[in-house]
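Observations on chain architecture
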Amino acid sequence: MQLDHTLLRTFLACVDAMSFSRAATRVHKSPATVSMQIQRLEEQIGKRLFVRDTRNLALTRAGEELEGYARRILRLHDEAAAAFSRPEMEGKVTIGAPDDYISAMLPDVLKRFAALFPRVELNVVCAQSTALLPQVQAGEIDMAIVTRTGGTEGRLIRREPMVWIGSREGQALERTPLPVALYEPGSQARTETLAALNRSGRSYRSAYSSFSHSALVTLVEADLAVASVVQMAVPTSVMRLGREQGLPVVEALDIILVRGKTATSAPCEALAEALTENTA
């Protein structure tokens with residue numbers, strides 16, 4: 001069996017739009033052509049992909065299974081086509097990010113970038129946002145993914161919720177005043193966490209302070225404190241907490257990409273585009 005890429009693209013357009021007519025607009029075909037292509041794909045697969053009535057469109061179990069394969073097939077196809085259709089790119093890019101952003105946001109993006117541009121040397125610097133900004137401004141690193149603080153200018157990647165975490169043992173949460181593990185002074189995460197606690201009126205104490213996300217998580221795992229961290233970097237080893245436990249809502253953080261004035265090379269441009277397109 002050979003799956004036609006054109007049929008797979010039409011299939012995914014239908015999945016994303018959940019409507020043959022809206023999918024037809026996306027792939028620049030008529031609704032009748034879209035319906036015919038889905039029928040051809042179902043004949044190739046040997047199973048129905050959609051349950052349809054006059055108003056609704058839903059995936060069958062076979063359709064749900066095919067969706068995952070189709071997205072991977074087309075992503076690899078497009079990456080290969082892009083790699084061989086552009087001039088070979090060379091150079092070096094240095095990017096910085098805090099440890100929680102590195103682990104949660106960068107692996108897939110950097111892996112795809114390295115596959116597309118194998119001759120570009122990537123260097124990654126791990127440090128807190130407050131330390132990375134001066135390095136970008138001084139030209140020591142090309143770009144950095146950081147938390148927006150005050151009037152920091154940069155390209156918005158995403159607005160990330162902050163959530164409370166605690167040990168599964170749950171003893172720290174019961175203590176008064178509440179022991180809180182905080183990021184380093186000057187960080188926006190610390191500022192927003194303290195502002196939320198002060199608004200709530202709950203008695204607390206700053207039990208620990210660190211620029212390292214992994215260090216805060218370790219303290220929480222040991223049940224020495226609770227902490228407020230970005231949602232995308234919550235490990236499975238801890239428990240999410242919230243209003244039910246009497247903890248206040250912490251404002252979300254703006255995660256931005258900042259670039260040095262001289263970071264204008266083709267590799268820098270390509271990496272910046274990959275980061276802002278694929279990390280949201």
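In this numbering scheme, every chain counts its residues from 1 along its sequence in written order. Thresholds applied to this predicted model are a pLDDT of at least 70 for local features of residues and 80 or more for the giving and counting of side-chain atom pairs; totals over whole chains, interfaces and linings are not thresholded and use all residues. The basis for every side-chain value is the complete set of heavy atoms in the structure, and neither hydrogens nor water enter the calculation.

1. Notes on the overall build of the protein chain
Short version of the rule: The way it works is that DSSP assigns letters per residue, a run of H or I at least four long becomes a helix, a run of E at least two long becomes a strand, and they are numbered from the N terminus. Our radius of gyration is a C-alpha quantity, and the globule rule it is checked against amounts to 2.2 Å times the number of residues to the power 0.38. Only protein chains enter the calculation, and the probe is 1.4 Å; a residue is then buried if its accessible area is under 20% of its type maximum, exposed if over 50%, and partly exposed in between.
When its secondary structure is counted, the protein chain shows nine helices and twelve strands. Taken over C-alpha atoms, the radius of gyration comes to 24 Å for the protein chain, far larger than the 19 Å a tight globule of 280 residues would show. Principal axes of the C-alpha set define a box for the protein chain whose edges measure 65 × 45 × 30 Å. The proportion of buried residues among the 280 residues of the protein chain is 46%.

2. Some details on the pairing of strand β9 (residues 204–210)
The condition that has to hold: DSSP calls a pair of strands paired once it identifies at least 2 bridges connecting them. By definition, the crossover connecting two strands over a helix is right-handed if that path, from the first strand to the second, turns clockwise as seen with the strands pointing away from the viewer.
Here strand β8 (residues 178–183) runs beside β9; their pairing, made up of six bridges, is parallel. By the bridge assignment for β9, V180 is matched with S206. Between β8 and its parallel partner β9, the chain crosses via helix α7 (residues 188–200), and the hand of that crossover is right-handed.

3. Here's the deal with the side chain of S129
Under the convention used in this document: Only heavy atoms matter for contacts: two residues are in contact if any of them lie within 4.5 Å across the pair.
Residue position: S129 is located in helix α6 (residues 129–137). Residue contacts for S129: discarding those within four places in its chain leaves P98, V146 and T147.

4. Some details on the confidence of the model for the protein chain
Low-pLDDT stretches of the model should not have their predicted coordinates read in fine detail. This is how the line gets drawn: For every residue, the predictor reports its confidence as pLDDT, a number between 0 and 100.
Mean pLDDT over the protein chain stands at 90; residues scoring 70 or higher make up 96%. The secondary-structure element of the protein chain with the lowest mean pLDDT is helix α2 (residues 20–27), recorded at 84, while strand β5 (residues 143–147) shows the highest, at 97.

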